[in-house]
Amino acid sequence: MNSSQLFGITMIAYLLSTAFYLALFLFKNKKIGFIGMLLAAGGLLIQTIGIGMRWYESYQMGIGHAPLTNMYESLIFFSWCTALFYLFMEIKYKARIIGAFVMPFAFVSIAYASFSDRINDQISPLIPALQSNWLIAHVVTCFIGYGAFAVAGSLGFIYLLKAGTEQKRTAAPTLFSSLPELKIIDDLTHKTIVFGFMWLSAGIITGAIWANEAWGTYWSWDPKETWSIITWFVYAITLHARFTRGWGGKRIAWLAIIGFVAVFFTYFGVNFFLSGLHSYGSS
Amino acid sequence: MTKSTKNPILAFFSSVQLALFLLFVLAATSIIGTIIPQNSPASFYAKQYGPQMARFFELLKLTDMYNSWWFLLLLLLFAINLIVCSIDRIPQVIRIIKKDNLAISPERLQKMSLSSSFTWHTTIEMSVDRVHAILTNERWKTTQRDNEQGTLFFAEKGPWTRFGVYVVHISILIILLGAVIGSSMIAKKVLHKPSFAFKGSVMIPETRESEVIYSFKSGQPIDLGFTVRCDFFDIEYYSNGMPKTYLSKVTVLENDQEILSTDIEVNAPLTYKGVTFYQSSYQPYQDFVVSLQNNRTNKQIKRVVPPAKQLEWQEGGISFGIINQEAKGKVTQRVKVWLTDNQGDPSTFWVNMGQEAMIERPSGTYTFNAKQLYATGLQVTKDPGVWLVYWGCILMLVGLYIAFFMSHRKLFVFIQQKGKNTEIIVAGNTNKNKIGFEKTFNRLATRFEATDE
Ligand code: HEM
């Protein structure tokens, strides 16, 4: 068994988990939802082993380093963070149905990593610039934040779906009535953004420290840095609008989605559309 | 908050609307600089976007927008907004914290969002002792006051956490201040002292030294105040040909005294007297660094030798030169050496770069070693503000943690006589994490209820 095979199994588990959560959403059968959760948890476990395995494989090749150093590895890690954060939330807040909207992210990113021909899945040695412990701190902190923001974006989406149908004031239970109360979704969105903001801040800071250790400038306005601060601003706006202007509901839901679009662009868009220091993603 | 007494200018600068507006404008305009390449030569923009667009870019400084007057002005407004807002609000926070919580009336307690009351079948003195015991046991530090109706206990946790938000805001100001202090632009244009803060680079060939570095923006030399010598430069490769290590061995000298010798690698810079040297590039030369040793006398020389040129080592009585070489691209693999001690036929031999050759001569054995001459490219910066930036970052994370995850919780217990019994009113509130505090409160209330046998 090697790490790629384990990631293959993870991918299938996440796909099935998505399907079961969707079935829970459509048919509201509790057992189906429980299977969805088991699949997600099982996938996460196998993925964790896979990440450990890839780490071990790199040592066997004599170029040992944490598996967080190229686009392939970061996509796997993003998928892992999203699944982990979601399961944590499901267990803590008993909000199972949300999995129908979050697990697709975990699935798509691992599937994209495995199948896109733009992405190289080889374990390669680290060029001198990447030989730093700050790299690991930077990637881990950023991606915990990204995972949380993916969940927050999904929550925003769910909120808008449900709010849209509730406005029509149909007395009959609709497809969306099985989703949590709007108030709860709203609260979860806020909590998730707060958590993500903390980690994004830490991610930007560790990145700045690393840049200063490697190049002698903690901030050079390269496109990836700039997009990360844009993302940070979007969430700062969201927090202030809520905390000091009492925004909530649809507006915050939209901001959660816009925020995730900014995250997505920071992570992917910059690598594929713009150029800069962080070009490892294009390999 | 007494809005009416406020100066309108202050009101404007302390408003959160302005903060939201500035954050939005900063985010939106920042995008421009990620689309238009920054700091390219003027000809690039003319070619890429046409002369008219290029002039427009120049007018709005879009080609170096993060240093443009309007972007810096936005940042300045942002900083003023933060300062005024904090000055405006911190006194209110202090007032909230200093409030006399024991002056509250029992009626108000009953109206708090968390409030319950019980009857204890015991004397008031007993009740006071019990309440004190329970609260102390639950680690609430209490104060108490008797009034005509009964006894009021008050306890609170984390009043200082109300400052968390301001810790975050102040940390942003500290980071901005650090950035200003470390700015080479300000060192040059405002302080007229480029050596105060700079970013630049220098190329030093092996065995050579430099007392200056060259500023990135202007190309002007900047005096270091000491000397750096490059002793050795090396690149190591992985088996697949990717570079593994770039390494420079350097020596710092002051007044011709060697102060320290150390290695510089990518991610492992050298800092000396506030100036930091980063491994950033290199350049191979045509010349060679040769060391030659007479093994009998142990005398040794190290020379930079151009190809096809005869050199003399007077003291050792040796003449030598490099007469041929084999290279892959710009990287020399091995050289052919000609060497004589003027006794008998000269020796000629091939030697691989960096390896030693032993040569038997009538006058003794010699050890010969040649390596291609490289120059190391060092990026050199002096940033006297960076420690402020780092402290600001730490402060920001601490502040965010306090602001998001800690709260100011208050607990009130009022005890009053009701006939032969006592009535206990427990009430509490918090500024954040209402759900978490509700759990604590309910557990406590249950304990109060259960205490009466
Ligand atoms: C990007 C920069 C900023 C960051 C990261 C930031 C961060 C924060 C955070 C984390 C909170 C607490 C929110 C919560 O508990 O949900 C907060 C609250 C607040 N911020 Fe900012 N802030 C920034 C800029 C500003 C600016 C420029 C102003 C200027 C007016 C401002 C005014 C406020 C106010 C008034 C509050 C509410 C404080 C209270 O009533 O307790 N912030 N900020």
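The structure under discussion appears in the preceding block.
Please read all numbers here as calculations on a predicted model, not as lab measurements.

Engineer: Which residues make up the nonpolar core, and what are the values?
Structural biologist: Most often, soluble globular proteins keep nonpolar side chains buried together rather than apart. Among the nonpolar cores identified, the biggest contains 119 residues, and Tyr21, Tyr86, Ile98, Phe143 and Trp232 of chain A are the most heavily contacted of them. No other element matches helix H5 (residues 133-167) of chain A, which puts 15 residues into this core. Those residues within four positions of tryptophan 232 of chain A in sequence are excluded, and the remaining contacts are Phe197, Leu200, Ser201 and Ile204 of chain A together with Ile172 and Met396 of chain B.

Engineer: Lay out the interface of chain A and chain B in plain terms, naming residues and giving numbers.
Structural biologist: If you look at the interface, chain A gives 42 residues, while chain B gives 44 residues. Surface buried jointly by chain A and chain B totals about 3,700 Å² across both partners, of which 73% is contributed by carbon and sulfur atoms. The interface formed by chain A and chain B holds zero salt bridges in total. Put simply, chain A and chain B have 13 residue pairs in polar contact (both at pLDDT 80 or more) between them. Contributions of two or more residues to the side of chain A that touches chain B are made by helix H6 (182-215) and helix H7 (223-245) of chain A. Of the residues assigned to the side of chain A that touches chain B, the class counts are 29 nonpolar, nine polar and four charged.

Engineer: If you had to explain the environment of cysteine 393 of chain B to someone new, which residues and values would you point to?
Structural biologist: You can see cysteine 393 of chain B is positioned in helix H10 (residues 386-405). When its relative accessible area of 10% is taken as the criterion, cysteine 393 of chain B is described as buried. Taking the C-alpha atoms as reference points, cysteine 393 of chain B and lysine 99 of chain B, 294 residues apart in sequence, are found 32 Å from one another. What cysteine 393 of chain B contacts, discounting residues up to four positions off in sequence, is Ile205 of chain A together with Ile175 of chain B.

Engineer: Describe the site of the ligand, listing the residues and the values that go with them.
Structural biologist: Around the ligand sit 24 residues, and of these His240 of chain A together with Cys85, Arg89, His169 and Ile172 of chain B come closest. Around the ligand, the neighbouring residues derive from chains A and B rather than from a single chain. A distance of 2.7 Å is found between a nitrogen atom of the ligand and a side-chain nitrogen or oxygen belonging to histidine 169 of chain B. At the level of elements, H7 of chain A together with helix H2 (16-35), helix H5 (69-98), helix H8 (164-181) and H10 of chain B are the ones that each hand at least two residues to the shell around the ligand. Residues of the shell around the ligand, tallied by class, amount to 16 nonpolar, six polar and two charged.

Engineer: Could you give me a rundown of the coordination of the iron atom of the ligand, with the residues and numbers involved?
Structural biologist: Looking at the iron atom of the ligand, one finds its protein donor set to be His240 of chain A (NE2) and His169 of chain B (NE2), positioned 1.8 to 2.0 Å from the metal centre. Note that the iron atom of the ligand binds six donor atoms; their angles at the metal cover 85 to 179°, and the shape is octahedral. Taken as a pair, histidine 240 of chain A in helix H7 and histidine 169 of chain B in helix H8 lie in two separate chains rather than in one. For histidine 240 of chain A, a relative accessible area of 25% gives the class partly exposed.

Engineer: Describe the packing of aromatic side chains, and please don't skip the residues or the numbers.
Structural biologist: Applying the stated criterion across every chain yields a total of 48 aromatic pairs over all chains. Where phenylalanine 85 of chain A meets phenylalanine 195 of chain A, the ring centres are 5.1 Å apart and the plane angle is 35°; that geometry is what we call tilted. Here phenylalanine 195 of chain A lies in helix H6 and phenylalanine 85 of chain A lies in helix H3 (residues 71-93), a separation of 110 residues in the sequence. Taking relative accessible area as the criterion, phenylalanine 195 of chain A reaches 26% and is therefore assigned partly exposed. Ring geometry for phenylalanine 226 of chain B versus phenylalanine 277 of chain B: centroids 6.2 Å apart, planes at 65°, classification edge-to-face.

Engineer: Give a description of the pattern of salt bridges that names residues and reports values.
Structural biologist: Any two side chains of opposite charge can pair, so long as their charged atoms come close to each other. Enumeration over the complete set of coordinates arrives at 16 salt bridges over all chains. We note a salt bridge from aspartate 186 of chain A to arginine 242 of chain A, for which the minimum N-O separation is 3.0 Å. Note that aspartate 186 of chain A is positioned in helix H6 and arginine 242 of chain A in helix H7, a separation of 56 residues in sequence. Neither residue differs from the other here; aspartate 186 of chain A and arginine 242 of chain A are each classed as buried. Here glutamate 206 of chain B ties to lysine 371 of chain B by a salt bridge, and the two come within 2.5 Å at their closest N and O atoms. Of this pair, glutamate 206 of chain B sits in the loop between strand E4 (198-205) and strand E5 (209-215) while lysine 371 of chain B sits in strand E17 (residues 364-382), and the two are 165 residues apart along the sequence. Each of the two residues, glutamate 206 of chain B as well as lysine 371 of chain B, counts as buried.

Cut-offs and rules
Residues numbered from 1 in each chain as written. Chains lettered and ligands numbered in written order. Predicted model: local features only at pLDDT ≥ 70, side-chain atom pairs only at ≥ 80, totals over all residues. Heavy atoms only, no water. Core = buried A, V, L, I, M, F, W, Y, C linked by side-chain atoms within 4.5 Å. Buried < 20%, exposed > 50% of the residue type's maximum accessible area, 1.4 Å probe, protein only. Helix = DSSP H or I, 4+ residues; strand = E, 2+ residues; numbered from the N terminus. Contact = heavy atoms within 4.5 Å. Buried area = accessible area lost by both parts, 1.4 Å probe. Salt bridge = Lys/Arg side-chain N within 4 Å of Asp/Glu carboxyl O. Polar contact = N/O pair within 3.5 Å; in protein donor to acceptor, adjacent residues only side chain to side chain. Nonpolar A, V, L, I, M, F, W, Y, C, P; charged D, E, K, R; others polar. Near = heavy atom within 4 Å. Donors = N, O, S within 2.8 Å, 3.2 Å for Na, K, Ca; no water. Tetrahedral: all angles 85-135°; square planar, octahedral: opposite > 155°, others 65-115°. Phe/Tyr/Trp six-rings, centres within 6.5 Å; stacked < 30°, edge-to-face > 60°.

Note that all results are geometric; they support no functional claim without further evidence.
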